[in-house]
Amino acid sequence: MEEFHQEKEDFYQAGLNSGTYQQTDDTKARVNGKNYFTPILCNPYYTAYFTKPHKDRLTLLDILSGGCPRGYLLNEESLALMKTLRVSDKWIEPLRPLLKEKIYQETEMTVLLSQLLPSPSVSSPLYKRILEATAIAAFHQQNQTVKILICDDAPQFKLLTQDLGLCWVHDGRHYKKLLPLVALHQTILDAFRQEFWDYYNKLLQFKKAPTPQLEQELSDEFDQLYSRQTGYESLDER
């Protein structure tokens, strides 16, 4: 049994190391009558499934770390991440004198935060956001493999990697939800959606037969598609 588990771990670690990007999603699961989640991580070389009680950023960080112990880092990046996660300056500034390039373990971080926060409960939003920010900063310093995450627009997938590649189909839903009343706006939206999906088909063809010239053409066409002002304000905003 131990050999089987080791083989699974080696397979998963090889999958993480097989490229610079990973694709992820999650779905609901039931474990002994309780609600759990099944995160999925994959690329063209492998697919891995997990069963977890939560689907937050920390859970996904643990998965992307390949089971390595979670670390926490107080540096300028973690403070910037706290701002992004809407932690008040009231709680960020007391952390600034503690900045150092040291990876804290969870027990060390708990002790540190207990001296600064009013209620260092793991369930409190403030505590969790600070833990997320410092864990993401540590992951960025330690991880040299996973640079791109391909996913939908769910909040738990954001901020974890250097780049985020959103799903084209999910992006298309934003335009489908628009319901213009003006006839001209309806015509503009229909034309844009047709162009949107025509471009997607070109991407699929490029995947089958990529060339540097076609890559540049598609890059230019992408910029044109998303930078134009159509005259339908709601569409332009999206």
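In case you missed it, the structure is sitting above this.
In this text, all values refer to a predicted model and were calculated from it rather than measured experimentally.

Definitions and limits used
Residues numbered from 1 in each chain as written. Predicted model: local features only at pLDDT ≥ 70, side-chain atom pairs only at ≥ 80, totals over all residues. Heavy atoms only, no water. Helix = DSSP H or I, 4+ residues; strand = E, 2+ residues; numbered from the N terminus. Buried < 20%, exposed > 50% of the residue type's maximum accessible area, 1.4 Å probe, protein only. Contact = heavy atoms within 4.5 Å. Areas by Shrake-Rupley, 256 points an atom, 1.4 Å probe, with all protein chains shown as cover. Lys, Arg positive; Asp, Glu negative; His and termini not counted. Charge placed at Lys NZ, Arg CZ, Asp CG, Glu CD. Salt bridge = Lys/Arg side-chain N within 4 Å of Asp/Glu carboxyl O. Pairing = 2+ DSSP bridges. 1 Å grid on protein atoms, 1.4 Å probe; cavity = no way out; pocket = protein on both sides within 12 Å on 5 of 7 lines; lining within 4 Å. Points joined across faces, edges and corners; volume = space filled by probe spheres on them. Nonpolar A, V, L, I, M, F, W, Y, C, P; charged D, E, K, R; others polar. Axes fitted to C-alpha atoms, helices over the stretch in contact; angles between N-to-C directions. Parallel < 35°, antiparallel > 145°, perpendicular 65-115°, else oblique. Left-handed = near helix turned anticlockwise from the far one by under 90°. Phe/Tyr/Trp six-rings, centres within 6.5 Å; stacked < 30°, edge-to-face > 60°.

Draft legend 1. Representation of the overall build of the protein within the structure. Per the secondary structure count, the protein includes 10 helices and seven strands. Along the first, second and third principal axes, the C-alpha set of the protein runs to 60 × 50 × 45 Å. Residue burial in the protein is summarised as follows: out of 238 residues, 34% are buried. Restricting to contacts in the protein with at least 6 residues of sequence separation, those with at least 24 account for 56%. Carbon and sulfur atoms provide 53% of the accessible area of the protein, an area that totals close to 14,800 Å². Once the 27 positive and 32 negative side-chain charges of the protein are each reduced to a mean point, those two points are 7 Å apart.

Draft legend 2. Fine view of the pattern of salt bridges. Scanning the model with the defined rule gives 11 salt bridges in all. A salt bridge links D26 to K55, with the shortest nitrogen-to-oxygen separation between them at 4.0 Å. One end of the pair, D26, is in strand 1 (residues 21–31); the other, K55, is in the loop between strand 3 (46–49) and helix 2 (57–64), and 29 residues separate them in sequence. By relative accessible area, which is 19% here, D26 ends up buried. For the salt bridge of E76 with R96, the shortest nitrogen-to-oxygen distance reads 3.5 Å. Pair noted here: E76 is in helix 3 (residues 76–84) and R96 is in the loop between helix 4 (89–92) and strand 5 (103–104), with a separation of 20 residues, a long-range link. Here R96 falls in the partly exposed class, since its relative accessible area comes to 33%.

Draft legend 3. Looking closely at the pairing of strand 2 (residues 34–43). Across nine bridges, the pairing between strand 1 and strand 2 is antiparallel. Considered in strand 2, the bridge of A29 is made with Y36. Where strand 1 folds back onto strand 2 in an antiparallel hairpin, the turn is made up of two residues, including N32, whose phi is positive at roughly 50°. Sheet topology note: the strand 2/strand 3 ladder contains four bridges and is antiparallel. Each residue of the ladder has a partner; that of N43, found in strand 3, is Y46. Hairpin connection between strand 2 and strand 3: a loop of two residues separates the two successive antiparallel strands.

Draft legend 4. Here's a closer look at the environment of Q213. If you trace the backbone, Q213 turns up in helix 9 (residues 212–227). Its relative accessible area of 58% is what places Q213 among the exposed residues. Distance from Q213 to A14, taken between C-alpha atoms, is 32 Å for residues 199 residues apart in sequence.

Draft legend 5. Broad picture of the layout of surface pockets. Considered as a void within the structure, the largest pocket measures approximately 910 Å³ in volume. Along the wall of the largest pocket there are 28 residues; nearest its centre are I150, L166, C167, W168 and L203. Of all the secondary-structure elements, those providing two or more residues to the lining of the largest pocket are strand 1, strand 2, strand 6 (148–151), strand 7 (163–166), helix 7 (168–176), helix 8 (183–208) and helix 9. Within the lining of the largest pocket, the residues separate by chemical class into 18 nonpolar, six polar and four charged.

Draft legend 6. Representation of the packing of helix 8 against helix 9. Close contact between helix 8 and helix 9 brings their axes to 11 Å; oriented N to C, the two are set at 160°. Classified by the angle their axes make, helix 8 and helix 9 are roughly antiparallel. Considering the relative orientation of helix 8 and helix 9, their crossing is left-handed. Across from F192, E195, F196, Y199, K202, L203 and F206 in helix 8, the residues of helix 9 making contact are L214, E215, L218, S219, E221, F222, L225 and Y226. Here the contact of helix 8 with helix 9 is composed, by residue class, of 10 nonpolar, one polar and four charged.

Draft legend 7. A look at the packing of aromatic side chains. For the coordinates displayed, the defined rule picks out 15 aromatic pairs. Centre to centre, the rings of Y175 and F192 are 5.0 Å apart; their planes meet at 70°, and the pair counts as edge-to-face. Linking Y175 in helix 7 with F192 in helix 8, this pair joins segments that are 17 residues apart in sequence. A relative accessible area of 6% means that F192 is categorised as buried. Plain terms: the ring middles of Y175 and F196 are 5.3 Å apart, the flat faces sit at 65° to each other, and that makes the pair edge-to-face.

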